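Here's the letter readout for the chains.
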Amino acid sequence: MEPKIKIRDMNFYYGDNKALKDINMNIYEKKITAFIGPSGCGKSTFLRTLNRMNDFIEDTRVEGKITLDDIDIYSKDIDPVELRRKVGMVFQRPNPFPKTIYENIVYGLRKNGVNDKQILDEVVEDTLKSVALYDEVKDKIHKSALELSGGQQQRLCIARAIAMQPEVILMDEPTSALDPISTMKIEELLLDLKENYTIIIVTHSMQQAARISDETAFFLNGEVIEHGETKVIFSNPRDKRTEDYITGRFG
Amino acid sequence: MDNKELQRIKSRKLKNSVFHGLIFFCTIFGVIVLALLLYDILKKGLPWLTIDFLTNFPSRFPKKSGIFPGLLGSLWIILLTAALAFPVGVGTAIYLEEYAKENRFTEFIKLNIANLAGVPSIIYGMLGLAVFVRALSMGRSVLAASFTMALLILPIIIISSQEAIRSVPSALKQASFALGTTKWQTVTGVILPYALPGILTGTILAISRALGEAAPLIVVGALTYVSFIPKTPLDQFTTLPIQIFNWSSMPKREFQNVAAAGIIILLGILLLANSTAIILRDKYQIKIKD
Amino acid sequence: MKKIDFKSKSGMQRNEKIVSSVLFLFGIISIFTTFGIVFSLFEETVLFFKEVSILDFLTGKEWTPLFEPARFGVLPLVFGTFLIVIFSSIISLPIGLGSAIYLSEYAPKKARKILKPILEILAGVPSIVYGYFALTTITPIIKSIFPDASVYNALSAGIAVGIMTIPMVSSLSEDAMMAVPNSLRQGAYGLGSTKFEVATKIVIPAAFSSIMASFILAISRAIGETMIVAMAAGSTPKMTLNPLESIQTMTGYIVQISLGDVPYGSIGYKTIFAVGTLLFTITFILNIISRTIVRKFRRVY
Ligand SMILES: Nc1ncnc2c1ncn2[C@@H]1O[C@H](COP(=O)(O)OP(=O)(O)OP(=O)(O)O)[C@@H](O)[C@H]1O
Ligand SMILES: [Mg+2]
């Protein structure tokens with residue numbers, strides 16, 4: 001199968017600090033790829049290169065090539081705004097807008113010129129259902145999103161991301177601020193979403209990576225040490241450092 | 001502990017109490033002055049505060065004097081000033097916080113704004129006189145006065161809007177960008193709604209400042225005795241503070257009471273504006289907070 | 001879910017370009033303002049100095065630009081301004097500092113909650129109202145103590161300017177004191193210090209530079225204050241140190257001329273720009289000094 005995203009000889013710099021070194025990776029469609037590795041190794045940085053959120057950080061630089069469906073996302077005629085429409089993102093902490101649940105979900109659509117009320121209503125219902133939030137909130141869709149619990153807010157943020165019908169969803173530790181039950185719900189949700197989306201998730205939880213991902217990449221000091229099928233990585237790692245990390249002997 | 005030591009502790013405690021009393025008085029001083037000032041003004045002004053006072057033109061006779069042209073002049077100028085300064089001030093704040101690159105030039109703009117905030121208001125009057133009244137031939141008009149006032153309050157609006165914009169959590173901005181929005185869409189969709197209460201509060205404070213200013217308008221050429229009301233922005237004008245100033249400097253003592261009545265109106269409007277600001281702020285904040 | 005068709009972004013990109021240029025233009029309006037101020041002041045000032053030598057202007061002890069023989073020595077106006085600064089500082093600096101210490105070190109939460117808004121109100125009262133207050137309340141009090149004080153006098157105006165600048169000193173100094181970390185205070189209290197000792201030996205020294213900066217700003221405000229002096233200080237340019245006499249400040253002179261019918265281009269018209277230039281320069285330097293102090297001595301705790 002042809003990879004959805006291809007990363008070739010990629011380096012990333014914050015000023016003079018080379019945060020990612022010589023990354024080569026293939027990411028496949030309709031799979032969950034997990035990034036693991038110790039703090040500060042560059043997982044979030046890598047994630048942000050994929051939807052060009054790093055563009056907002058001054059004095060940063062990318063070398064090498066990243067393609068989405070064989071199109072270079074850093075080429076001159078790619079509009080990063082349009083790229084982000086295709087590559088959605090969910091953040092570590094739930095960050096709903098201080099607006100109603102409804103307006104949160106349709107925000108991206110409205111800003112992209114979709115104003116037909118019927119379509120919007122439909123999207124709200126569909127996305128809330130697909131993040132398993134609909135039954136919980138259907139009576140307060142026009143109430144502030146800030147009245148939801150943390151776990152509900154995070155599911156709303158996922159709904160907000162998929163309302164844009166992206167092809168890829170990037171998730172940076174989406175459950176690290178949540179309790180076990182909310183975490184479980186989101187994990188189930190991701191397994192559902194995988195049918196339609198390509199998902200990349202950063203996580204500090206080995207169990208989570210093992211439970212939900214198809215592929216796992218282990219990062220260390222800005223390099224990809226090992227990347228492959230999750231089953232293999234967790235049962236039979238090739239690299240000693242990977243083994244040390246997943247068995248908790250690291251450091 | 002010997003006697004000497006006890007003595008010393010006692011004297012230290014005494015010093016502390018005396019100091020406490022002293023600085024408490026310092027703080028209360030402001031309250032006393034405010035009370036005195038209000039009492040004085042209300043006592044003199046209230047009996048003169050009639051409907052006629054609001055609708056009459058100035059007159060040689062204290063009893064017939066009214067504040068109507070001043071009231072309308074102030075209204076004209078405040079509306080025009082706000083219309084000019086608000087978009088430019090908020091726009092500048094958006095530019096500085098969201099668009100400008102961090103470089104020398106941006107630093108220079110920021111430093112420049114900070115300096116402008118400290119320029120005496122009368123200097124703005126001279127700028128207005130040289131540029132708007134003369135060079136751009138607006139004459140001694142409402143329009144020239146409004147441009148002058150707009151420049152005067154611009155730094156206040158910019159600085160308070162910057163603060164409000166800076167308080168927008170970056171997580172919200174990132175969320176917006178990640179949904180495929182342009183910078184301006186993020187500004188209008190997330191940043192401005194979130195920062196609006198702060199921006200409005202700052203703007204109302206700035207406008208209150210403009211409402212009470214007299215010096216720059218005197219230099220620009222406000223009239224002190226007006227028997228008409230401005231119909232277009234190019235008409236001449238007087239304002240509330242200038243009327244008050246004029247009455248205060250009249251030799252006839254009764255005019256002091258007329259001035260006090262004018263001050264009551266001025267302070268009343270300021271109070272109204274500021275309460276609006278507070279109510280606006282609180283109302284929005286409840287909505288945003290959980 | 002049904003597939004949604006998005007519009008192309010190209011129109012938005014064009015908007016984006018327009019928006020960012022417009023915002024940039026707004027951003028540089030402030031620079032134009034500064035240049036506008038400098039040019040409009042200097043233009044007439046240069047013309048003025050074609051008729052009057054700079055030396056005469058800066059060192060002359062008589063200011064009678066509109067009478068014969070016309071004299072253009074600005075020192076009387078500077079002296080008048082100086083008197084106002086002295087008396088306003090006597091009021092605003094100690095009282096402002098005192099209330100800052102009270103609010104930051106002594107005041108119970110409840111008292112702060114009531115007192116701070118009152119100081120804010122005081123700061124929001126227009127200067128014209130203080131001018132009225134000086135004229136109708138302060139001056140009569142002064143006259144009852146010093147019967148030969150003039151109706152318009154520097155003392156009354158100075159006191160009113162001082163009252164007006166108290167909130168400024170108080171709030172800036174208080175901010176600085178609140179920024180002093182509690183660990184410093186705790187150490188001293190642990191050694192048995194009284195609040196007075198903590199305030200004077202720990203907090204004030206730690207916040208000293210910002211307190212100085214607030215003092216300088218208050219002085220700068222006093223120099224630029226116009227309506228109070230125009231109403232209460234008189235219009236007699238005079239080199240005196242007697243606060244009970246009528247004087248005139250730089251700002252007061254500009255107002256006096258502006259109220260009269262001085263024709264454009266006349267020497268009278270030019271004098272206000274020369275005086276304005278001096279006023280602008282002095283306040284500008286003071287503001288820069290104040291900012292530099294804050295920046296240079298900002299403590300990193
Ligand atoms: N905005 C930034 N500016 C400069 N350097 C940065 C920035 N963000 C991250 N870095 C640096 O890049 C490196 C990688 O950081 P990154 O946030 O990608 O790590 P991470 O693997 O996501 O860590 P964590 O698990 O703690 O989230 C770190 O050394 C960090 O200091
Ligand atoms: Mg991270």
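Per chain, residue numbering runs from 1 following the sequence as it is written. To read the labels, note that chains go from A and ligands from 1, taken in the order they are written. Predicted model: local features are reported for residues with pLDDT of at least 70 only, side-chain atom pairs are reported and counted for 80 or more only, and whole-chain, interface and lining totals are derived from all residues. Here the side-chain values reflect all heavy atoms present in the structure, with hydrogen atoms and water set aside.

(A) Representation of the overall build of chain B in the model. Only DSSP runs of H or I reaching four residues or more are called helices, and only runs of E reaching two or more are called strands; each is numbered from the N terminus. Counting secondary structure elements, chain B contains 11 helices and 0 strands. Along chain B, helices (α) and strands (β) appear in the sequence α-α-α-α-α-α-α-α-α-α-α when read from the amino end. A radius of gyration in this sense is built from C-alpha atoms; the matching globule rule multiplies 2.2 Å by the number of residues raised to 0.38. In terms of overall size, chain B is more extended than a compact globule, its C-alpha atoms giving a radius of gyration of 25 Å where 290 residues would be expected to give roughly 19 Å. Across its three principal directions, the C-alpha atoms of chain B cover 75 × 70 × 40 Å. Each residue is assigned to one of three classes by its accessible area relative to the maximum for its type, calculated with a 1.4 Å probe on protein chains only: buried under 20%, partly exposed between the two thresholds, exposed over 50%. Put simply, chain B has 290 residues, and 53% of those count as buried. Every residue pair with non-hydrogen atoms within 4.5 Å of one another is taken to be in contact. Considering only intrachain contacts with a sequence separation of at least 6, the fraction spanning at least 24 residues in chain B is 74%. Of the roughly 12,900 Å² that chain B leaves accessible, carbon and sulfur atoms contribute 66%. Within chain B, one finds 27 positive and 14 negative side-chain charges whose respective centroids are separated by 6 Å. Under the convention used here, a 1.4 Å probe and the Shrake-Rupley method define accessible areas, while residue burial counts only the protein chains that appear. Note on charges: Lys and Arg go in the positive column, Asp and Glu in the negative column, and His and the chain ends are not counted at all. Charge positions are represented by NZ for Lys, CZ for Arg, CG for Asp and CD for Glu.

(B) View of the sheet that holds strand β5 (residues 71-72) of chain A. Residues and elements named next belong to chain A. Two strands pair if DSSP finds at least two bridges between them. If you walk across this open sheet you meet the 4 strands as β2-β1-β4-β5, and the pairing is antiparallel. Only two strands of the sheet have a single partner each, and these edge strands are β2 (17-27) and β5. In terms of strand pairing, strand β4 (residues 60-68) meets β5 through 2 bridges, oriented antiparallel. By the bridge assignment for β5, Leu68 is matched with Ile71. As a rule, the C-alpha atoms of each element are fitted with a line to give its axis, helices using only the stretch in contact, and angles between N-to-C directions run from 0 to 180 degrees. Contacting β1 (5-14), β2 and β4, helix α1 (residues 43-50) crosses the sheet at an angle of about 120° to β1.

(C) Local environment of the sheet that holds strand β8 (residues 198-202) of chain A. All names here are of chain A. Taken in spatial order, the 6 strands line up as β6-β7-β8-β3-β9-β10 in an open sheet, and their pairing is mixed. Of all the strands in the sheet, just β6 (87-90) and β10 (223-229) have a single pairing partner and so form its edges. Sheet twist, expressed as the average angle between the axes of neighbouring strands with direction ignored, equals 15°. One ladder, built from 5 bridges, connects strand β7 (residues 168-172) with β8; its direction is parallel. Note on β8: the bridge partner recorded for Val168 is Thr198. Against the sheet, helix α7 (residues 180-193) engages β3 (32-36), β7 and β8, with an angle of about 150° to β8.

(D) Structural view of the packing of helix α3 (residues 68-99) of chain B against helix α6 (residues 142-166) of chain B. Residues and elements named next belong to chain B. Running from N to C, α3 and α6 cross one another at 35°; their axes reach a closest spacing of 6 Å. Once α3 is placed against α6, the crossing between them reads as right-handed. Residue classes follow a fixed rule: Ala, Val, Leu, Ile, Met, Phe, Trp, Tyr, Cys and Pro count as nonpolar, while Asp, Glu, Lys and Arg count as charged, and any other residue, Gly among them, counts as polar. Here the residues of the contact of α3 with α6 sort into 22 nonpolar, 6 polar and 3 charged. Handedness of each helix crossing follows the sense of rotation of the near helix against the far helix: counterclockwise by less than a right angle gives left-handed, clockwise gives right-handed.

(E) Quick peek at the site of ligand 1. All names here are of chain A. Lining the immediate environment of ligand 1, one finds 13 residues, of which Ser39, Lys43, Ser44, Thr45 and His204 sit closest. For this analysis, a polar contact is any N or O atom pair within 3.5 Å, provided that within protein one partner can donate a hydrogen and the other can accept it, and provided that sequence-adjacent residues contribute only side-chain to side-chain pairs. Between ligand 1 and Gly40 there is a distance of 2.8 Å, counted from an oxygen atom to a backbone nitrogen or oxygen. Note that an oxygen atom of ligand 1 is positioned 3.0 Å from one of the backbone N or O atoms of Gly42. When ligand 1 sits alone it has 630 Å² of accessible area, and the protein chains cover 63% of it. Any residue with a heavy atom positioned within 4 Å of a molecule or strand is treated as near that molecule or strand.

(F) Summary view of the side chain of Thr182(B). Of note, Thr182(B) is situated in the loop between α7 (170-178) and α8 (183-212). Of note is the side chain of Thr182(B), whose polar atom sits 3.1 Å from the side chain of Glu16(C).

(G) Looking closely at the confidence of the model for chain B. A residue-level look at chain B finds 97% of positions with pLDDT of 70 or above and a mean pLDDT of 90. Confidence scores per residue from the predictor, reported as pLDDT, run from 0 to 100. For the stretch residues 286-290 of chain B, pLDDT sits under 50, and the model shows 5 contacts to residues farther than four places along the chain or on other chains.

(H) Representation of unusual backbone geometry within the structure. Positioned with a positive phi, Asp59(A) is a non-glycine residue whose angle comes to about 65°. Take Asp59(A): it is sitting in the loop between α1 and β4.

(I) Quick peek at the UniProt feature "transmembrane region" (unreviewed entry) in chain C. Residues and elements named next belong to chain C. Here, UniProt's "transmembrane region" (unreviewed entry) annotation points to residues 21-42, 74-97, 118-138, 150-169, 202-223 and 267-289. For residues 21-42, the helix share is 100%, the strand share is 0%, and the end-to-end C-alpha distance is 31 Å. Annotated as residues 150-169, this span is 80% helix and 0% strand, and its ends, taken at the C-alpha atoms, are 30 Å apart. UniProt positions are given in the numbering used here, feature names are shortened, and annotations may be inferred rather than shown by experiment.

(J) Layout of the packing of aromatic side chains. Note on aromatic contacts: the rings of Phe and Tyr and the six-membered ring of Trp form a pair at centre separations within 6.5 Å, being stacked when their planes are under 30 degrees apart, edge-to-face when over 60 apart, and tilted otherwise. By the definition in use, this model includes 27 aromatic pairs over all chains. Measuring from centroid to centroid gives 5.0 Å for Tyr264(C) and Tyr269(C), while their planes differ by 80°, and the two rings are edge-to-face. Among the residues examined, Tyr269(C) registers a relative accessible area of 4% and is labelled buried. Members of the aromatic cluster, joined through ring pairs, are Phe48(C), Phe49(C), Phe57(C), Trp63(C), Phe72(C) and Tyr253(C). Only Lys NZ and Arg CZ are tested; either one counts as a charge over a ring when it is within 6 Å of the ring centre and within 35 degrees of the ring normal. Just above the ring of Phe97(A) sits the side chain of Arg160(A); from NZ or CZ to the centre is 4.4 Å. Here the basic side chain of Lys195(C) rests over the ring of Tyr106(C), its NZ or CZ set 5.4 Å away from the ring centre.

(K) Representation of the interface of chain B and chain C. The interface is formed by 74 residues belonging to chain B together with 74 residues belonging to chain C. By buried area we mean the combined loss of accessible area, with a 1.4 Å probe, across both parts when two parts are placed together. At the boundary of chain B with chain C, total buried surface from both sides reaches about 6,400 Å², with 77% on carbon and sulfur atoms. It is Thr27(B), Met126(B) and Phe245(B) in chain B that bury the most area against chain C; as a group they hold 9% of the surface buried on that side. Throughout this description, the term salt bridge denotes a Lys or Arg side-chain nitrogen within 4 Å of a carboxyl oxygen of Asp or Glu. With its nearest N and O atoms 2.6 Å apart, the salt bridge here joins Glu197(C) to Arg12(B). Considering every element that reaches the side of chain B that touches chain C, the biggest residue donor is helix α1 (residues 3-45) of chain B, with 20 residues. Here the side of chain B that touches chain C is composed, by residue class, of 50 nonpolar, 18 polar and 6 charged.

(L) Main features of the side chain of Asn95(A). Among the secondary structure elements, Asn95(A) is positioned in the loop between β6 and α3 (101-111). For Asn95(A), a relative accessible area of 4% translates into the label buried. A distance of 3.0 Å separates polar atoms of two side chains, one belonging to Asn95(A) and the other to Arg160(A). Dropping the residues within four chain positions of it, Asn95(A) is found in contact with Cys157(A), Arg160(A), Ala171(B), Leu172(B) and Ala175(B).

(M) Quick peek at the nonpolar core. Joining through side-chain atoms within 4.5 Å is the link that ties buried Ala, Val, Leu, Ile, Met, Phe, Trp, Tyr and Cys residues into a set, and such a set is a nonpolar core. In this structure, Ile37(C), Ile101(C), Ile128(C) and Val129(C) are the most contacted members of the largest nonpolar core, which totals 177 residues. The biggest single contributor to this core is helix α3 (residues 75-106) of chain C, with 14 residues. When neighbours within four sequence positions are excluded, Ile101(C) is seen to be in contact with Phe19(B), Ile23(B), Tyr106(C), Met177(C), Ala199(C) and Ile204(C). Core analysis: the second largest hydrophobic core is formed by 83 residues, Ala145(A), Ala163(A), Val202(A) and Val190(B) among them.

(N) Just the pattern of salt bridges, in detail. If you walk through the whole model with that rule in mind, you get 28 salt bridges over all chains. For Lys6(A), the salt bridge goes to Glu2(A), with nearest N and O atoms at 3.0 Å. Among the residues examined, Lys6(A) registers a relative accessible area of 19% and is labelled buried. Of the charged contacts, one joins Lys270(C) and Glu51(C) as a salt bridge, the two residues approaching to 2.8 Å between their closest N and O atoms. Taken as a pair, Lys270(C) in helix α12 (residues 267-296) and Glu51(C) in helix α1 (residues 10-51) lie far apart in primary sequence, 219 residues in all. On the basis of relative accessible area, Lys270(C) is assigned to the buried category, the value being 11%.

(O) Fine view of the pairing of β1(A). All names here are of chain A. Burial of β1 is extensive: 7 of the 10 residues sit out of reach of the surface. Bridge analysis of β1 against β2 gives 7 bridges, and the strand direction is antiparallel. For Ile7, the partnering residue across the bridge sits in β2 and is Met25. The hairpin turn running from β1 into β2, its antiparallel successor, is 2 residues long, and Gly15 in that turn takes a positive phi close to 60°. Where β1 lies against β4, 8 bridges are found, and the strand directions are antiparallel. Looking at β4, one finds that Lys6 is bridged to Thr67.

(P) A negative patch on the surface, seen in detail. A cluster of acidic side chains, namely Asp16(A), Glu58(A), Asp59(A), Glu102(B) and Glu107(B), defines a negative patch on the protein surface. Within the secondary structure, Glu107(B) sits in helix α4 (residues 104-117). Only residues above 30% relative accessible area that lack a salt bridge enter a patch, with like-charged residues linked at up to 9 Å and the nonpolar side chains Val, Leu, Ile, Met, Phe, Trp and Tyr linked at up to 5 Å.

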